[in-house]
Amino acid sequence: MYYQRNSKTINYLTKIIDRDKNNIIRNLYENNCTNVYLLYNIYKHLNKINCLYKIDLSFFLAYNFQTKEFFVFFKDNDFINIITKEIIEEYLTKFSNIRYISGDSLSLNLFLTKFNFLKKDIIFDEDYFTYKFELNEKSIINLSKNLSNILVKNSINYEDIKFIVPFDYKSIINLVKLQEGYLIEEMRFSSEKINKIAKEKISNIFKNFKIFYITYNNYPVAKCEWNAYTEDIFQIGGVYTDKFFRNKGFASVLLIEMLKYCYYNLNYKFANLFVRKDNVKAINLYEKVGFERNLSLLRWIILKN
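Residues numbered from 1 in each chain as written. Predicted model: local features only at pLDDT ≥ 70, side-chain atom pairs only at ≥ 80, totals over all residues. Heavy atoms only, no water.

Turning our eyes to something else, we now look at the overall build of the protein. The secondary structure content of the protein amounts to 11 helices and 13 strands. Here the protein has a C-alpha radius of gyration of 21 Å; the compact-globule value for 305 residues is 19 Å, and the two agree. The dimensions of the protein, computed from C-alpha atoms along their principal axes, are 70 × 45 × 35 Å. In the protein, buried positions account for 53% of the 305 residues. Restricting to contacts in the protein with at least 6 residues of sequence separation, those with at least 24 account for 71%. Summed over its atoms, the accessible surface of the protein is roughly 15700 Å², and 49% of this surface lies on carbon and sulfur atoms. (Helix = DSSP H or I, 4+ residues; strand = E, 2+ residues; numbered from the N terminus. Rg over C-alpha atoms; globule rule 2.2 N^0.38 Å. Buried < 20%, exposed > 50% of the residue type's maximum accessible area, 1.4 Å probe, protein only. Contact = heavy atoms within 4.5 Å. Areas by Shrake-Rupley, 256 points an atom, 1.4 Å probe, with all protein chains shown as cover.)

Attention shifts here to unusual backbone geometry. In the Ramachandran plot, L57 falls in the positive-phi region, its phi being about 60 degrees despite a non-glycine side chain. Along the polypeptide, L57 turns up in the loop between β3 (49-54) and β4 (59-64). A residue is classified by how much of its surface remains accessible, and L57, at 4% relative accessible area, is buried. A positive phi angle is found at K193, which is not glycine, with a value near 55 degrees. Mapping K193 onto the fold places it in the loop between α8 (176-185) and α9 (194-208). The exposed category is assigned to K193, whose relative accessible area is 63%.

Before going further, it helps to spend a moment on the packing of aromatic side chains. On inspection of all chains with the given rule, the structure shows 25 aromatic pairs. The interplanar angle of 55 degrees and the centroid separation of 5.2 Å between the aromatic rings of Y29 and F270 together place this pair among those described as tilted. Separated by 241 residues along the polypeptide, Y29 in helix α1 (residues 21-30) and F270 in strand β12 (residues 270-276) bring together distant segments of the chain. Each member of the pair, Y29 as well as F270, carries the same accessibility label: buried. Cluster of aromatic residues (ring-pair linked, three or more members): Y40, Y43, F163, F209, F212, W226, Y229, F234, Y261 and Y268. For the cation-ring pair, K21 lies above Y43, with the distance from its terminal atom to the ring centre recorded as 5.1 Å. (Phe/Tyr/Trp six-rings, centres within 6.5 Å; stacked < 30°, edge-to-face > 60°. Lys NZ or Arg CZ within 6 Å of the ring centre and 35° of its normal.)

What the rule picks out here adds up to 11 salt bridges. With a closest N to O distance of 2.8 Å, R26 and E231 form a salt bridge. Taken together, the residues R26 in helix α1 and E231 in the loop between β10 (219-229) and β11 (233-241) connect sequence positions 205 residues apart. Take E231: its relative accessible area is 39%, and that puts it in the partly exposed class. Its salt-bridge partner being R276, residue D278 comes within 3.6 Å of it at the nearest N-O pair. By relative accessible area, which is 18% here, R276 ends up buried. Connected through salt bridges with shared partners, the residues R26, E231 and D232 form a single ionic network. (Salt bridge = Lys/Arg side-chain N within 4 Å of Asp/Glu carboxyl O.)

Glancing now at the pairing of β4. Most of β4 is tucked away, with 6 of its 6 residues classed as buried. Alternating residues of β4 divide into F59, L61 and Y63 and F60, A62 and N64, and every residue in both groups is buried. When β3 meets β4, the two strands line up antiparallel, connected through 5 bridges. The residue of β4 that forms the bridge with N50 is Y63. Where β3 hands over to β4, the hairpin turn is made up of 4 residues, of which L57 adopts a positive phi near 60 degrees. Where β4 lies against strand β5 (residues 69-74), 6 bridges are found, and the strand directions are antiparallel. In the sheet register, L61 faces β5, and the bridge partner there is V72. Hairpin connection between β4 and β5: a loop of 4 residues separates the two successive antiparallel strands, and K68 in this loop has a positive phi of roughly 65 degrees. (Pairing = 2+ DSSP bridges.)

This is the structure we're talking about:
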C-alpha cells in the first residue's frame, strides 16, 4: 500500500507473513515497544489483526477485529509529522466498533493531539509503569542469591515452600480463593458471584496462558500468571498474596522461582510486567526482585462506543 505526501512516496505495509512475525516482534521490542499485548497479538492472533506499519517499524498500528482493540506504537515523533489524518481516518473507518486503544502515554498523547477527531469518544484509563527483566545466567545467579537473603530475613525454611506449575484442571482448584482475593482487591470486582467468576478466570488462564503458585506447609499463599507472551518474551500479571501471609517475602519467592523456571525449563529471555504508578508496595516488590523500570508509561484508552 502506498500513500503520497509532499511529493514523496511513503510505504505503509498492511500484512505480516507468518514466517516474519518473530523477527518483527523482536525488532519492536528492541525499539522499546513495551506493550506486550501488541506483541502477543502478532504472535498468537496474526489472522485476527489488521496492521498498518512502516517497514523500519518506526511506527506500528494494529487492530484486533475480534477483541476490538486498537494498538498504537511509534518510536519517535517523525511518525506524527509523516502520517496524515486522511490515512488514519481511512484506516479507522474500517473498524468503527473500536472498544479501546492501548499504548504508551507519549505515543497516545501525541497521536490524539494530532488526530483529535478521536478525542470526543475517549476515556483515559490509569497510567502504568512498565518493568523488564532480562533472563540470562548472570541474572539467574543474582536471583538465587536474592532468594537466600529473603528466606533468611523472613526466617522461612525453604523446605516448607513448594513452587507449583499446574498441569491439570484439578490442581488449579486450590487457587480459586487466591483468585477471588485478586479480583476483589486488585481488579475491583464485586463479591457477588465471585466464586464462579474466579473459577472461570482461572480456567481461562490455565487454558490459554500459564499460572504458577507456591504453598507454605501445603497451603497456597501466593500466585501469579502470564497474560501475554511471544516466542521469548512473557508478561506477568495477577500477582497476589493471601492477606494473612503478606510482608513475609512469599511474593518475592514466587516471582524468583517463576523466573528461574521460565529460563531453565522454557528458554525464555525476557519478562515484562506493568503496575499502576500509585501501587508503591508492588513497585518496591518488583524492584527488590530485580526488575528494571522502563522509561515510558503505558496508558489504556477506552472508547465509549
